[in-house]
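Structural characterization, general
If you want the building blocks of each chain, they are given just below.
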Protein chains: 2
Amino acid sequence: MIGRLNHIAIAVPDLAAAAARYREGLGAQVGQEQVLAEHGVRVIFIDTGNTKIELLQALDGNSPIAAFMARNPGGGMHHICFEVADLAAAIKRLTAEGARVLGDGNPKIGAHGRPVVFVHPKDFDGTLIELEEV
Amino acid sequence: MIGRLNHIAIAVPDLAAAAARYREGLGAQVGQEQVLAEHGVRVIFIDTGNTKIELLQALDGNSPIAAFMARNPGGGMHHICFEVADLAAAIKRLTAEGARVLGDGNPKIGAHGRPVVFVHPKDFDGTLIELEEV
């Protein structure tokens, strides 16, 4: 069912500093900053050729990642995103297996303009999983 | 400098149960368990087509991931691994930028039989980064 790993998201306290570390220290292909006001974050994507790293910084204390940053002030790996062809079928299969979809259980439009859901990290070994319909 | 994201490693308390969740709940391509005694872990790889998820379970309390599991008993994202063509050059560049390579600073032979180093997570926003020479 799941397809490619679309990205791994890393929440950071200072987006410009994090991007500079990846660019200067690792020679990574670092993109331009984008502000996603409706998602409460600013983001920079790093293209690794086969997938992407999404660096995230909270816009303010109401950001969806604000609680994570309060627990991890230095930053940390926040979620991984897999591509799926049929999100409704994926939700049906996951919930039949006992996993919980966050929120009201229905897809929302994600940061890339496509339908997404997040699965409860307690149902996947402490890993927050995003599924994006492509 | 860095190339492909080779894998993301997720440490779990029960490898068979974690593998079953990915196989049944997400329909993932889950491989066979391998015991890497010299690395203190048993592992199962999940092939996502473009990269891999490496599920890790500590063999015992002396495992390199034992301290992580003590802090995160339910499991969690442990590290990400990038491929590099020249590990010596990568170490030189990273240390010139102020990042710290763990251990004695020299490559070790990693779980895939290739030279690897790990970079201090405090120098990359709480993310433990492995570099593997390919």
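An unreviewed UniProt entry annotates chain A as Methylmalonyl-CoA epimerase originating from Devosia rhodophyticola.

The next thing to look at is the nonpolar core. When a protein is soluble and globular, its nonpolar side chains tend to lie buried together. Counting 62 residues, the largest nonpolar core has Tyr22 and Leu131 of chain A together with Tyr22 and Leu131 of chain B as its most contacted members. If we ignore the near neighbours within four places in the chain, the residues touching Leu131 of chain A are Ile2, Phe82, Val84, Leu87, Ala90, Leu94, Pro115, Val116, Val117 and Val119 of chain A together with Leu26 of chain B. In terms of nonpolar packing, the next biggest core, distinct from the first, is built from 11 residues, Ala9, Phe45, Ile65 and Phe68 of chain A among them.

Once that is clear, we can look at the UniProt feature "domain: VOC" (unreviewed entry) in chain A. Here, UniProt's "domain: VOC" (unreviewed entry) annotation points to residues 4-134 of chain A. Summarising residues 4-134 of chain A: 21% helix, 36% strand, and an end-to-end C-alpha distance of 10 Å.

Turning our eyes to something else, we now look at the side chain of Thr48 of chain A. Locating Thr48 of chain A in the fold gives a position in the loop between strand E4 (41-47) and strand E5 (52-58). Of the polar contacts made by the side chain of Thr48 of chain A, one reaches the side chain of Asn50 of chain A; its length is 2.8 Å. Other than its neighbours up to four places away in sequence, Thr48 of chain A contacts Ile53 of chain A together with Gly3, Arg4, Leu5 and Phe82 of chain B.

Let us look at the pattern of salt bridges. Using the criterion set out here, one finds 14 salt bridges over all chains in the structure. For Arg21 of chain A, the salt bridge is made with Asp125 of chain B, and the minimal N-O distance between the two is 2.8 Å. Of the two residues, Arg21 of chain A is situated in helix H1 (residues 15-26) and Asp125 of chain B in the loop between strand E8 (115-119) and strand E9 (129-133); the pairing between them involves two chains. A salt bridge links Asp123 of chain B to Arg100 of chain B; the nearest nitrogen and oxygen atoms lie 2.9 Å apart. Here Asp123 of chain B, found in the loop between E8 and E9, pairs with Arg100 of chain B, found in the loop between helix H3 (87-96) and strand E7 (108-109); they are 23 residues apart in sequence, far enough to count as distant. Residue classification places Arg100 of chain B among the partly exposed residues on the basis of a relative accessible area of 41%.

Take the relation of the copies chain B and chain A next. Turning chain B through 180 degrees and shifting it by 0.0 Å along the axis lays it on chain A, with an RMSD of 0.0 Å. What the superposition gives is, in effect, a two-fold axis relating one chain to the other. No C-alpha of chain B approaches the rotation axis more nearly than that of Asn50 of chain B, which lies at 2.8 Å. A share of 100% of interface residues in chain B that are also interface residues in chain A marks the association as one of identical surfaces.

Moving on, we come to helix H1 (residues 15-26) of chain B. Residues and elements named next belong to chain B. In a regular helix each residue adds 1.5 Å, so 12 residues correspond to 16 Å; H1 covers 16 Å between its end C-alpha atoms and thus fits that length. Buried residues of H1: Leu15, Ala18, Ala19, Tyr22, Gly25 and Leu26, and no others. The buried residues of H1 occupy an angular sector of 165 degrees when projected down its axis, which confines them to one face. Where H1 starts, the residue carrying a side-chain oxygen 3.3 Å from the main-chain nitrogen of Ala16 turns out to be Asp14. Looking one or two places after H1, you find Gly27, whose phi comes out positive at around 60 degrees.

Here we take up the environment of Pro115 of chain A. Residues and elements named next belong to chain A. Tracing the sequence through the fold places Pro115 in strand E8 (residues 115-119). Among the residues examined, Pro115 registers a relative accessible area of 26% and is labelled partly exposed. When sequence neighbours within four positions are dropped, the list of residues in contact with Pro115 reads Leu87, Pro107, Lys108, Ile109, Leu131, Glu132 and Glu133.

Not every positive phi belongs to a glycine, and Asp125 of chain A is a case in point at roughly 55 degrees. Residue Asp125 of chain A is classed as buried on the basis of its relative accessible area, which comes to 4%.

Each partner contributes to the interface: chain B provides 41 residues, whereas chain A provides 41 residues. The largest contributions to the chain B side of the interface with chain A come from Leu26, Met77 and Asp125 of chain B, which together make up 23% of the buried area. Remark: the boundary between chain B and chain A carries 2 salt bridges. The tally of links from chain B across to chain A stands at 15 residue pairs in polar contact (both at pLDDT 80 or more). Elements that contribute at least two residues to the side of chain B that touches chain A include exactly strand E1 (5-11), H1, strand E6 (76-84), H3 and E9 of chain B. Per element, the largest residue contribution to the side of chain B that touches chain A is 7 residues, and it comes from H1 of chain B.

Definitions and limits used
Residues numbered from 1 in each chain as written. Chains lettered and ligands numbered in written order. Predicted model: local features only at pLDDT ≥ 70, side-chain atom pairs only at ≥ 80, totals over all residues. Heavy atoms only, no water. Core = buried A, V, L, I, M, F, W, Y, C linked by side-chain atoms within 4.5 Å. Buried < 20%, exposed > 50% of the residue type's maximum accessible area, 1.4 Å probe, protein only. Contact = heavy atoms within 4.5 Å. UniProt positions renumbered as here; feature names shortened; annotations may be inferred. Helix = DSSP H or I, 4+ residues; strand = E, 2+ residues; numbered from the N terminus. Polar contact = N/O pair within 3.5 Å; in protein donor to acceptor, adjacent residues only side chain to side chain. Salt bridge = Lys/Arg side-chain N within 4 Å of Asp/Glu carboxyl O. Least-squares fit on C-alpha atoms with pLDDT ≥ 70 in both. Expected span 1.5 Å × (residues − 1). Arc of directions from axis to C-beta. Buried area = accessible area lost by both parts, 1.4 Å probe.

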